[in-house]
Amino acid sequence: MCSFPVPGETIEKKPFFAQCLYEYILEEKCSLLSVEKSVFYSQPSNMSKLPIAEYLKRNVLVLDGGQGTEMERRGLDVMHPLWSTLPFMKKNPAHLKRIQEMYHDFSGSGARALATITYKASFVNLKQYSDGEVATQQQYEQFLNDVIGFTCEKCVSDDQYLIGSVGPYGACLCNGAEYTGDYGSEKIDFKQYFKPQL
């Protein structure tokens, strides 16, 4: 469950990145639990599925995990700066079928929430590593819509939730900084970096 503070609560103890992301969300007047603009996405469904905020009040939501490792185990080569997002760039039907099977197996293991394969899919990363396929904001939005559309249509059932995966800034550095927090001494505009993906 999200650990961001509620409005008015001090965020001094939050890491700098979390503070910037939280402030951005407040400025944009969007909630982390909003379907329209958020880190959480939900497939249109029949009326029996609760909104995710309501579901979390009464239930533990089991999320999938280890997608990149699982994709490698299934024979997909994701050794690339775009990591597990790469199959969506290449659009190989056999690889996309393996992703669909992976999600199916996560669901069979009890996952009620499935994450998009967008951990390293920041606008900066795709502009730099997509071989020119994603160079504009419009192309980027279309790419994300394609990923989410595929996942909703082929992988997520009506009673499941689709959770948007947004990796840390360090993921774009491709040097392991997402694990150490060592982003160097350069000033980073986190709000600007994450705005296209949010």
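Okay, so let's go over this structure. Within any chain, residue numbers begin from 1 and follow the written order of that chain's sequence. Note on the predicted model: pLDDT of at least 70 is required for a residue's local features to be given, and 80 or more for side-chain atom pairs to be given and counted; whole-chain, interface and lining totals, by contrast, use all residues. With hydrogens and water set aside, each side-chain value is computed from the structure's full complement of heavy atoms.

Regarding the pattern of salt bridges
One side-chain nitrogen of Lys or Arg within 4 Å of one carboxyl oxygen of Asp or Glu is enough to make a salt bridge. In total, this model carries five salt bridges according to the counting rule given. Notably, a salt bridge pairs Glu54 with Arg58, separated by 3.8 Å at the nearest N-O pair. With Glu54 and Arg58 both in helix α2 (residues 52–58) and four residues apart, the pair spans about one turn of that helix. For every residue, the accessible area (1.4 Å probe, protein chains only) is compared with the maximum for its type, and the residue is labelled buried under 20%, exposed over 50%, or partly exposed between those bounds. The class for Glu54 is partly exposed, based on a relative accessible area of 28%. Judged by its relative accessible area of 57%, Arg58 is exposed. In this description a helix means any DSSP run of H or I spanning at least four residues, a strand means any run of E spanning at least two, and both kinds are numbered starting from the N terminus.

Observations regarding the environment of Asp131
Mapped onto the secondary structure, Asp131 falls in the loop between α6 (123–129) and α7 (137–154). Judged by its relative accessible area of 76%, Asp131 is exposed. Placed 42 residues apart in sequence, Asp131 and Met89 show a C-alpha to C-alpha distance of 9.5 Å.

A word on unusual backbone geometry
In this structure, Trp83 takes a positive phi of about 50° despite not being glycine. By secondary structure assignment, the location of Trp83 is in the loop between α3 (67–73) and α4 (86–90). In this structure, Cys174 is a non-glycine residue whose phi angle is positive, near 55°. Inspection of the secondary structure puts Cys174 in the loop between β3 (161–163) and α8 (177–180). The exposure class of Cys174 is partly exposed, given its relative accessible area of 36%.

What about the packing of aromatic side chains?
Centre distance within 6.5 Å is the pairing criterion for rings of Phe, Tyr and Trp, where only the six-membered ring of Trp is used; planes under 30 degrees apart are then read as stacked, over 60 as edge-to-face, and the remainder as tilted. The tally for this structure, following the rule as stated, stands at nine aromatic pairs. Measuring from centroid to centroid gives 5.5 Å for Trp83 and Tyr119, while their planes differ by 70°, and the two rings are edge-to-face. Of this pair, Trp83 sits in the loop between α3 and α4 while Tyr119 sits in the loop between β2 (113–115) and α6, placing them 36 residues apart in sequence. What makes Trp83 partly exposed here is its relative accessible area of 29%. Taking 5.5 Å as the distance between ring centres and 75° as the angle between the ring planes, the aromatic pair formed by Phe88 and Phe150 counts as edge-to-face. Here the residue Phe88 occupies a position in helix α4, and Phe150 occupies one in helix α7, the gap between them amounting to 62 residues. The exposure class of Phe88 is buried, given its relative accessible area of 7%. Residue class for Phe150 comes out buried when judged on its relative accessible area of 14%. Taken together, the ring pairs in this structure connect Tyr169, Tyr183, Phe190, Tyr193 and Phe194 into an aromatic cluster. For a lysine, the NZ atom is tested; for an arginine, the CZ atom; a charge sits over a ring if that atom is within 6 Å of the ring centre and within 35 degrees of the ring normal. If you follow Lys49 out to its NZ or CZ, it ends over the ring of Tyr161, 4.9 Å from the centre.

Description of the state of the cysteines
Here, the word disulfide means a covalent bond between the sulfur atoms of two cysteines. Disulfide assignment relies on a single distance test, namely cysteine sulfur atoms paired within 2.5 Å. Taken as a whole and assessed by the stated rule, the structure comprises zero disulfides. Cys155 takes part in no disulfide bond, and the closest cysteine sulfur to it belongs to Cys152, at a distance of 9.0 Å. A residue is classified by how much of its surface remains accessible, and Cys155, at 9% relative accessible area, is buried. Cysteine Cys174 shares no disulfide, and the gap to the nearest cysteine sulfur, in Cys172, comes to 7.2 Å.

Remarks on the nonpolar core
Here, nonpolar core refers to any group of buried Ala, Val, Leu, Ile, Met, Phe, Trp, Tyr and Cys residues whose side-chain atoms link them within 4.5 Å. Ranked by size, the top nonpolar core spans 28 residues in total, and within it Phe88, Ile99, Leu126 and Phe143 carry the most contacts. Counting only elements with at least two residues in this core, the list comes to α4, α5 (93–108), α6 and α7. With seven residues, α7 is the single largest residue contributor to this core. The contact criterion used throughout is that any non-hydrogen atoms of two residues lie within 4.5 Å. For Phe143, the residues in contact, after removing those within four places along its chain, are Thr85, Phe88, Met89, Ala121, Leu126 and Val134.

Structural notes on α5
In this model α5 runs 22 Å from its N-terminal to its C-terminal C-alpha over 16 residues, within 8% of the 22 Å that 1.5 Å per residue would give. Within α5 the residues assigned to the buried category are Leu96, Ile99, Met102, Tyr103 and Phe106. For α5, the angular spread of buried residues about the axis comes to 105°, placing them on one side. Facing away from the buried side of α5 by over 90 degrees, the exposed positions are Pro93, His104 and Gly108. Within 3.5 Å is the distance limit for a polar contact, defined as a pair of N or O atoms, with the added protein rule that one can donate a hydrogen and the other accept it, and that residues adjacent in sequence qualify only through two side-chain atoms. The opening residue of α5 is Asn92, an N-cap whose side-chain oxygen sits 2.8 Å from the backbone nitrogen of Ala94. Gly110 sits one or two positions beyond α5 and adopts a positive phi of about 110°. The length a helix should cover is 1.5 Å for every residue beyond the first. By construction, the arc corresponds to the directions joining the helix axis to the C-beta atoms.

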